[in-house]
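Secondary and tertiary structure notes
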Amino acid sequence: MDEAKVKIARQFIEAIPHSRALGMKVEEIGDGFARITMPYDERLIGDPKTGVIHGGAVSALMDTCGGACVMSHPEAPGGTATIDLRIDYMRGATPGQTIVAEARCTHITRNVAFVRATAMDDNRENPVATATGAFTVERKS
């Protein structure tokens, strides 16, 4: 694992304004894997009757986690951008609980990295959402 690359990826993710606004924290990153947490925050509630976090916040978390795992992949030399992200929402996250996203780069080509991600609350057996995505791989000339 390239420690300098992991450090840069962590700093980049934690510096993104929307990541900071949503309270995201990189818990683990390296070798094409990332785990990012987002604490429960009443400002992010999508349904005031239930207190469930808005799906847009969950999608931002999964997208950011997907990009982080690509940035940390040994074959991806630098930055990345989302090409496509499909999210399947299974259920609302339990109010009051931190949401954890985990993403893994499952395949990488010369120009595209493919990612699978899961978002969970305290109930790790019953995901909040799953995602598949494609991200750019920036190669140096």
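The paragraphs below set out a description of the structure included in this document. As the structure is a computational prediction, the values presented were derived from the model and not from experiment. (Residues numbered from 1 in each chain as written. Predicted model: local features only at pLDDT ≥ 70, side-chain atom pairs only at ≥ 80, totals over all residues. Heavy atoms only, no water.)

In terms of helices and strands, the chain carries 3 helices and 8 strands. Starting at the N terminus and walking to the C terminus, you meet the elements of the chain as α-α-β-β-β-β-α-β-β-β-β. For the chain, the C-alpha radius of gyration of 15 Å lies close to 14 Å, the compact-globule estimate for 141 residues. Burial status across the chain gives 41% buried among its 141 residues. Long-range contacts, defined as pairs at least 24 residues apart, comprise 62% of the intrachain contacts of the chain with a sequence gap of at least 6. Only carbon and sulfur atoms are counted for the fraction: they give 50% of the accessible area of the chain, which is about 7400 Å². Once the 16 positive and 18 negative side-chain charges of the chain are each reduced to a mean point, those two points are 4 Å apart. (Helix = DSSP H or I, 4+ residues; strand = E, 2+ residues; numbered from the N terminus. Rg over C-alpha atoms; globule rule 2.2 N^0.38 Å. Buried < 20%, exposed > 50% of the residue type's maximum accessible area, 1.4 Å probe, protein only. Contact = heavy atoms within 4.5 Å. Areas by Shrake-Rupley, 256 points an atom, 1.4 Å probe, with all protein chains shown as cover. Lys, Arg positive; Asp, Glu negative; His and termini not counted. Charge placed at Lys NZ, Arg CZ, Asp CG, Glu CD.)

This paragraph deals with the pairing of strand β7 (residues 112–120). Note: strand β6 (residues 99–108) against β7, 8 bridges, orientation antiparallel. Bridge pairing in β7 places Ala103 opposite Ala117. With 8 bridges joining them, β7 and strand β8 (residues 129–136) adopt antiparallel strand pairing. Paired with Phe114 across the bridge in β8 is Ala134. (Pairing = 2+ DSSP bridges.)

Attention now goes to unusual backbone geometry. Look at Asp31: it is not a glycine, yet its phi comes out positive at around 55 degrees. Position of Asp31 relative to the elements: it lies in the loop between β1 (25–30) and β2 (33–38). Residue Asp31 is classed as partly exposed on the basis of its relative accessible area of 42%.

Let us look at the side chain of Gln97. Residue position: Gln97 is located in the loop between β5 (82–89) and β6. Of the polar contacts made by the side chain of Gln97, one reaches the backbone nitrogen of Asp122; its length is 2.9 Å. Excluding its chain neighbours within four sequence positions, the residues that come into contact with Gln97 are Tyr40, Asp121, Asp122 and Asn123. (Polar contact = N/O pair within 3.5 Å; in protein donor to acceptor, adjacent residues only side chain to side chain.)

What follows is about the nonpolar core. The biggest cluster of nonpolar side chains holds 40 residues, and the ones touching the most others in it are Ile36, Met38, Met62 and Ile99. Elements represented by at least two residues in this core include exactly α1 (3–15), β1, β2, α3 (55–71), β6, β7 and β8. Looking at which element gives the most residues to this core, the answer is α3, with 10 residues. What Met62 contacts, discounting residues up to four positions off in sequence, is Ile87, Ala117, Thr118, Ala119, Ala129, Thr130 and Ala131. (Core = buried A, V, L, I, M, F, W, Y, C linked by side-chain atoms within 4.5 Å.)

Everything listed here is a matter of geometry and, on its own, says nothing about what the molecule does.
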